[in-house]
Amino acid sequence: MQSEPRHPMFLSRARIAYFSMEFALEDGIPTYSGGLGVLAGDMMRSAADLGVPLVGVTLASRAGYFRQEIAGDAQVERAEPWDPSAHAQRLACKVMVAMGGREVWIGAWRYDVEGHPRRGGAAPVILLDTDLPENHPDDRTLTHWLYGGDAAYRLRQEIVLGVGGVRMLRALGLRVYRYHLNEGHSALLTLELLREEGGAAPAGELLRDAIEAVRASCVFTTHTPVEAGHDQYPAAMALQWLAGVVDPQVLQALEGTEALNLTRLALRLCGWVNGVADSHARTSRALFPGYDVHAVTNGVHALTWAGPAMRALFDRRIPQWCHEPELLVRALRIPDAEIVAAHAVAKQELLRSIAGVPGAQALDPQRFTVGFARRMTDYKRPGLLFTDLARLRAIARDQPFQVIVSGKAHPRDDTGKRHIESLHAWARELEGTVPVVFVPDYRLEVARRLVAGVDLWLNTPLPPLEASGTSGMKAALNGVPSLSVLDGWWVEGWEEGVTGWAIGADGDRDAGRHAASLYQKLEQLVLPAFRDTAAWAAIMKSAIARNGSYFNSHRMIRRYATEAYFS
Ligand SMILES: *Cc1c(COP(=O)(O)O)cnc(C)c1O
């Protein structure tokens, strides 16, 4: 391991090392695919604002995720490379991990997430990069594609992230107080900590003590409520790539001979585990019996996700709101006309920004606008709204509305891609009665405009598969209520007719009943409320006061700090 000059800024205090495969840092840095990365980015933004000493660790993902275009009705994936040297500072440190009989050298970049301008804080993120001339060509591309490649590529990426990440923290001279695993991708860091603790010997006292020491310093946040969503590798593959990192007997003692499951490893070696909403923690306890799973409901970074017009209004009426988002409870005092005006600006800005998208000419700023944007995958059920087109037409005859949708499907998710094609087909069928526009390339910038500019945020996952969901929280901050299945955060945020509306009954998984409920609420409750300006302003203010004040990342990081990091 090559240790070079230490970096004084890092040295000042012990930090929480926050490991995540993806981080949504800013527009133009495509090192994220969706909600997990946005959450990690918001976590760092709150850390920077509040002075919580985090250091993020991730891969440079130089080739990005992908940029989505639509050709015909189908998703086309374009490369989205980025240049770390244009956004981040190269660190003069390299570490080595032996993998599959080769030395893989890992360099690093440092990106500082800037906090609120008046407070001057910053939180560093370290981006690991194997694209170094001394590496074998196959290893140079290990940190290129986010969620790309086959299982072996993914495993090797996870070795770089977990094992390489810990070695990099050491080489930089950082003192680390806790390791926080944002999802199981970084679970292999526990093996490196185990090695450091002297746990390399086969099972016995030493291993048990080492495990206890590792458990005391690791926090694990699980995000996936389905067993199949967890990374798992055949034992032979794990041994092939991990032999240089961990004694095979230790791995066997930990994981058995069947397979390496990163979630199980994280559960075993992290002393504090949580799910990302109350309902998700309950699901996880059932999925992983014997583990004490806490609940820390996700949140979003208020300053990032409130649109410019709403932000200006909050600045005027609720000073300090972005440092203490709890103050948004006072949104109820804001005069109706000011909320309505701020939202109208956001809606116009949204329509202006998507004016070039096919079909957008049919959108009308006066018309009620439903927004639906998320990863296009089966469990999110993007087709639920379109279950009965005749019914939609009938509703729109008396109470016109329009729909804006957006979302990427993972390149290997064929079902997700078919959903995108179906959405385009339905849009054509509804032409002239219900305008439906698909905005390509869902990303931070698109999300910011959508959550601020639509009138209603629609959310239709199949329970209990939505661990939390965060886009509805972003909408609420902007006074946009949700119409949502009772899953994830909405179980906690939902107050019928006050912060939005529920689709279906709690615990019901029947798609037919969900669609019927969606149509009934839209026709009989949501659209009539929208026509009553005072009633709608009250709903907008309640969404901000009751949901925006709570489902923010300042509250989230304070809970991690008091319950997981410093307790
Ligand atoms: C917030 C966000 C997500 C996550 O939204 P969910 O409600 O959790 O599906 C995904 N992608 C982008 C670009 C986002 O901003």
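Residues numbered from 1 in each chain as written. Predicted model: local features only at pLDDT ≥ 70, side-chain atom pairs only at ≥ 80, totals over all residues. Heavy atoms only, no water.

**Digging into the environment of Glu192**
Mapping Glu192 onto the fold places it in helix α6 (residues 189–196). Remark: the alpha-carbon pair of Glu192 and Asp73, spanning 119 residues in sequence, is separated by 47 Å. In this structure, Glu192 is in contact with Val163, Val166, Arg167 and Val245, ignoring residues within four places of it in sequence. Of note is the side chain of Glu192, whose polar atom sits 2.8 Å from the side chain of Arg195. (Helix = DSSP H or I, 4+ residues; strand = E, 2+ residues; numbered from the N terminus. Contact = heavy atoms within 4.5 Å. Polar contact = N/O pair within 3.5 Å; in protein donor to acceptor, adjacent residues only side chain to side chain.)

**Some words on the pattern of salt bridges**
All chains considered together, the criterion is met by 36 salt bridges. One salt bridge connects Glu77 with Lys417, and the closest N-O pair in it is separated by 3.0 Å. Of the two residues, Glu77 sits in strand β4 (residues 74–78) while Lys417 sits in helix α16 (residues 414–430), which places them 340 residues apart along the sequence. Here Glu77 falls in the partly exposed class, since its relative accessible area comes to 30%. Using a relative accessible area of 16% as the deciding quantity, one classes Lys417 as buried. Taking the shortest distance from any N to any O, the salt bridge between Arg154 and Glu158 comes out at 3.7 Å. In this pair, Arg154 and Glu158 both sit in helix α5 (residues 151–171), four residues apart, roughly one turn of the helix. Here the two residues Arg154 and Glu158 agree in accessibility, since each one is buried. In the salt-bridge network here, residues are joined through shared partners; they are Glu349, Arg352, Lys408, Asp441, Arg443, Glu445 and Arg449. (Salt bridge = Lys/Arg side-chain N within 4 Å of Asp/Glu carboxyl O. Buried < 20%, exposed > 50% of the residue type's maximum accessible area, 1.4 Å probe, protein only.)

**What to know about the site of the ligand**
Around the ligand sit 14 residues in total, of which Lys380, Ala447, Thr470, Ser471 and Lys474 are the nearest. Lys380 is positioned such that a nitrogen or oxygen atom in its side chain is 2.9 Å from an oxygen atom of the ligand. Between Thr470 and the ligand, the recorded distance is 3.1 Å, taken from a backbone N or O atom to an oxygen atom. Starting from 380 Å² of accessible surface for the ligand in isolation, the protein chains cover 94%. Sorting the residues of the shell around the ligand by element identifies α2 (35–50), α17 (444–453) and α18 (471–477) as the ones contributing at least two each. Its residues assigned to classes, the shell around the ligand comprises five nonpolar, five polar and four charged. (Near = heavy atom within 4 Å. Areas by Shrake-Rupley, 256 points an atom, 1.4 Å probe, with all protein chains shown as cover. Nonpolar A, V, L, I, M, F, W, Y, C, P; charged D, E, K, R; others polar.)

**Structural notes on the pairing of strand β17 (residues 456–459)**
By the alternation rule, side chains of β17 split into Leu456 and Leu458 and Trp457 and Asn459, which are all buried. With two bridges connecting them, strand β14 (residues 368–373) and β17 associate as parallel partners. Bridge pairing in β17 links Val370 to Leu456. Alignment of β17 against strand β18 (residues 482–485), held across three bridges, turns out to be parallel. Note that in β18 the partner of Leu458 across the bridge is Leu483. Viewed along the sheet, the connection from β17 through α18 into β18 turns out right-handed. (Pairing = 2+ DSSP bridges. Right-handed = clockwise from strand over helix to strand, strands pointing away.)

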